[in-house]
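The residues making up each chain are set out below.
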Amino acid sequence: METECTRRSDRIYLEVPIILTGTDRNGRKFVEETRTLVVARHGAKIISQQILVPQQTLRIRCLKTGREADLRVAGPVGGDVENYYYGAELLEVGTDFWGIEFPLLPGAEKAASRMLLECTRC
């Protein structure tokens, strides 16, 4: 059975240094220097040592571009022994937050036929 791709842009597996500012699920304020695991035009998969809750809003700063934006936690997507992984959505639409030019997703193009590559030497 074939499912439709509902993504608004492709994902790129890229670690980008970020700073998260917000409150944890217990209401304690935090500032955390961390990174992404995946970026997309409208969000990212982020790593945090904090326990966060879906729909909460954080402030994110991309250390690569210096840009800041509000970010909504979509929910947990795994983790490891020391960290939690969260899917998150940028709330400010139309900004080039990551400093990456994402290709547009034509409706007829199948997800399996697209691939973004990253140079590991630069």
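Residues numbered from 1 in each chain as written. Predicted model: local features only at pLDDT ≥ 70, side-chain atom pairs only at ≥ 80, totals over all residues. Heavy atoms only, no water.

Visitor: Tell me about the pattern of salt bridges, and name the residues and values.
Guide: Under the criterion given, the structure shown has seven salt bridges. Close ionic contact of arginine 59 with aspartate 70 constitutes a salt bridge, the shortest N to O distance being 3.1 Å. Taken together, the residues arginine 59 in strand β5 (residues 57–62) and aspartate 70 in strand β6 (residues 68–79) connect sequence positions eleven residues apart. Using a relative accessible area of 29% as the deciding quantity, one classes aspartate 70 as partly exposed. The closest approach of N and O atoms between glutamate 89 and arginine 72, which form a salt bridge, is 3.0 Å. On the criterion of sequence distance, the pair formed by glutamate 89 in strand β7 (residues 84–90) and arginine 72 in strand β6 is long-range, its members being 17 residues apart. Among the ionic contacts, a cluster of salt bridges with common partners joins Arg59, Arg61, Glu68, Asp70 and Glu92. (Salt bridge = Lys/Arg side-chain N within 4 Å of Asp/Glu carboxyl O. Helix = DSSP H or I, 4+ residues; strand = E, 2+ residues; numbered from the N terminus. Buried < 20%, exposed > 50% of the residue type's maximum accessible area, 1.4 Å probe, protein only.)

Visitor: An account of the pairing of strand β3 (residues 29–40) is requested, with residue identities and associated values reported.
Guide: Note that strand β1 (residues 11–12) and β3 share two bridges and pair antiparallel. Bridging across to β3, arginine 11 finds its partner in alanine 40. Across seven bridges, the pairing between strand β2 (residues 17–23) and β3 is antiparallel. Considered in β3, the bridge of leucine 20 is made with glutamate 32. What sits between the antiparallel neighbours β2 and β3 is a turn of five residues, in which glycine 27 has the positive phi angle 85°. Pairing of β3 with strand β4 (residues 43–48) involves four bridges; the strand directions are antiparallel. For valine 38, the partnering residue across the bridge sits in β4 and is lysine 45. Counting the residues between successive antiparallel strands, the hairpin from β3 to β4 contains two residues. (Pairing = 2+ DSSP bridges.)

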